[in-house]
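An overview of the molecular structure
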Amino acid sequence: MTDTPISTHDAAADERNDHILIYVDGQIVPRDQAVVSVYDSGFMLGDGIWEGLRLCDGHIPFFDDHLDRLFEAAAYTEIDIGLDRDALKGAVWKTLQANEMHTDVHVRLMVTRGRKAKPFQHPHLSLWGSTIVIIAEHSKPDESVVARGIRLHTVPHHRGLPLTQDAKLNSHSKLNCIIALNHAVRAGADEALMLDPFGFVNTTNACNFFIVKKGAVWTSTGDYCMNGITRQKVIDLCRAEGIPVFERNYSLVDTYSADEAFLTGTFGAQTPVFEIDGRVIGGGVAGPVFLRLRAAYKALIAESRFNAPDASG
């Protein structure tokens, strides 16, 4: 394994991204002109929500699932997006078409409470409606990560109870995760393994976490982690493939002795974990259950293309 920190979001540099067009509140503008006010709620307070999407062969897999999660977050935070689902979909496709993008694209769809009249918390100070920004970049996941694997380090920062900040809320406020990641990187790892408030293994700073023991797939109960769309698809694939799968509480005792471990997320899909807290997992190679699920997920993505009514935008 390499000593250089790697990421589940690693991608080859692409010079086309220097000249992309970005959607800002209904306007498509060059990258260096894509700006928001310093009074914007997202910049000032992290008061916003977002989704990450992938464009694959002319369609966006699980687009409706992502919008379900975005609108659920908007309802919880009382952010008026200002566009309905169809209009928001149209804005994403407009951005992709303006950039002549067709595949291997990552889309960051962001909505904040909008520009404020004064630099304070109260939502009533956001007088002009939401800010919507859509960034689409040419970005193909680095496939070599399957051979290199990810190193995790367990950190003291945990995913909190819903009564503090619900981990299911995909908000702009990611400082807890960033502090956890910094801690892991200082320890020589690539990402942080985070526990739940009771000490059970939960998730990483950026991805959902799974282990494999004796052919069965384990993941957390889901009570304190992002309600990941890729996470749920992997659980569904396990059931469809006849692989035992459990959403349960488990500890580092179970984790260190796992036969395999892997992460899930929209960008990287599934990424193998080869080391946790200095302990090698699965001999430091991608295991058979991981490889089977990764292949099944790729097939699911391909199948979803034919079932997507808006695949061509």
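Numbers given to residues run from 1 along each chain, matching the order in which its sequence is written. Residue-level local features of this predicted model are given only where pLDDT is at least 70; pairs of side-chain atoms are given and counted only at 80 or more, and the full residue set underlies all totals for whole chains, interfaces and linings. Note that water and hydrogens are dropped before the side-chain values are worked out from all heavy atoms of the structure.

1. Some words on a nonpolar patch on the surface
The condition is simple: Nonpolar side chains (Val, Leu, Ile, Met, Phe, Trp, Tyr) within 5 Å and like charges within 9 Å form the patches, drawn only from residues with over 30% relative accessible area and no salt bridge. Shrake-Rupley sampling with a 1.4 Å probe provides the accessible areas, and residues are treated as covered by the protein chains on show and by no other component. The salt bridge definition used is simple: a Lys or Arg side-chain nitrogen within 4 Å of an Asp or Glu carboxyl oxygen. Helix numbering and strand numbering both begin at the N terminus, where a helix is a DSSP run of H or I of at least 4 residues and a strand a DSSP run of E of at least 2. For every residue, the accessible area (1.4 Å probe, protein chains only) is compared with the maximum for its type, and the residue is labelled buried under 20%, exposed over 50%, or partly exposed between those bounds.
A cluster of nonpolar side chains, contributed by V38, Y39 and F43, occupies part of the molecular surface with about 330 Å² of accessible area. Of note, F43 is situated in helix 1 (residues 41-45). Residue class for F43 comes out exposed when judged on its relative accessible area of 60%.

2. Description of the nonpolar core
How we decide: Residues enter a nonpolar core if they are buried and are Ala, Val, Leu, Ile, Met, Phe, Trp, Tyr or Cys, with the set joined through side-chain atoms within 4.5 Å. Working rule for contacts: check all heavy atoms of both residues, and any pair within 4.5 Å makes them a contact.
One finds L152, F209, V217, F262, V273, I276 and L293 to be the most contacted residues of the largest nonpolar core, which totals 40 residues. No other element matches helix 9 (residues 288-306), which puts six residues into this core. The residues touching V273, leaving out its near neighbours within four places in the chain, are I150, L152, F209, A261, F262, L263 and I281. Counting 33 residues, the second largest nonpolar core, distinct from the first, contains I20, L88, L109 and M110.

3. Comments concerning the pattern of salt bridges
For the structure shown, the criterion picks out 14 salt bridges. The shortest N-O distance in the salt bridge between R69 and E51 comes to 2.8 Å. Residue R69 is located in helix 2 (residues 63-77), and its partner E51 is located in strand 3 (residues 48-55); the two are separated by 18 residues in the primary sequence. Here R69 and E51 have matching classes, each one buried. The residue R85 makes a salt bridge to D68 at a minimum N-O spacing of 2.8 Å. Highlighted residues: R85 in helix 3 (residues 85-98) and D68 in helix 2, separated in sequence by 17 residues. A relative accessible area of 29% places R85 in the partly exposed class.

4. Structural notes on helix 7 (residues 229-241)
Rules: Given the number of residues in a helix, its expected span is that number minus one, multiplied by 1.5 Å.
For helix 7, spanning 13 residues, the distance from its first C-alpha to its last is 18 Å, which sits close to the expected 18 Å at 1.5 Å a residue. Within helix 7 the residues assigned to the buried category are I229, T230, R231, K233, V234, I235, L237 and C238. Remark: G242 follows helix 7 within two positions and exhibits a positive phi of approximately 75°.

5. Details of the packing of aromatic side chains
How we decide: For Phe, Tyr and Trp, rings pair up if their centres lie within 6.5 Å, where Trp contributes its six-membered ring, and each pair is then called stacked (planes under 30 degrees apart), edge-to-face (over 60) or tilted (otherwise). A ring is considered to have a charge above it if a Lys NZ or an Arg CZ atom is located within 6 Å of its centre and within 35 degrees of its normal.
Applying the stated rule across the entire model yields five aromatic pairs. Between W218 and Y250, the aromatic rings sit 5.8 Å apart at their centres with planes inclined by 70°, giving edge-to-face as the arrangement. Taken together, the positions of W218 in strand 10 (residues 216-219) and Y250 in the loop between strand 11 (245-247) and helix 8 (252-256) put the pair 32 residues apart, joining distant regions of the chain. Each member of the pair W218 and Y250 is classed as buried. Grouping aromatic residues by their ring pairs yields a cluster made of F210, F262 and F290. Positioned above the aromatic ring of W128, the side-chain terminus of R115 is 3.9 Å from the ring centre.

6. Observations concerning the pairing of strand 8 (residues 201-204)
Operational definition: Strand pairing follows a simple DSSP-based rule, namely that at least 2 bridges must link the two strands.
Direction of pairing for strand 7 (residues 191-195) relative to strand 8: antiparallel, over a ladder of three bridges. In the sheet register, L193 faces strand 8, and the bridge partner there is T204. Between strand 7 and strand 8, which pair antiparallel and follow one another directly, the connecting turn spans five residues, one of which, G199, has a positive phi of 90°.

7. Brief notes about the packing of helix 2 against helix 3
For clarity, the cut-off: An axis is simply a line fitted to the C-alpha atoms; with a helix, the fit covers only the stretch in contact. Between two such axes, the angle follows the N-to-C directions and lies from 0 to 180 degrees. Just so you know how the angles are binned, under 35 degrees is roughly parallel, over 145 roughly antiparallel, 65 to 115 roughly perpendicular, and the rest oblique. By the definition used in this description, the sense in which the near helix is turned from the far one sets the handedness, with an anticlockwise turn below a right angle giving left-handed and a clockwise turn giving right-handed. Gly is placed with the polar residues, together with every amino acid not listed as nonpolar (Ala, Val, Leu, Ile, Met, Phe, Trp, Tyr, Cys and Pro) or charged (Asp, Glu, Lys and Arg).
Interhelical geometry of helix 2 versus helix 3 gives an angle of 120° and a closest axis separation of 11 Å. Overall, the two elements helix 2 and helix 3 adopt an arrangement that is oblique. The hand of the helix 2/helix 3 crossing is right-handed. Of helix 3, the residues touching helix 2 (which contributes F63, D64, L67, D68, L70 and F71) are R85, L88, K89, V92 and W93. Looking at the contact of helix 2 with helix 3 residue by residue, the classes come out as seven nonpolar, no polar and four charged.

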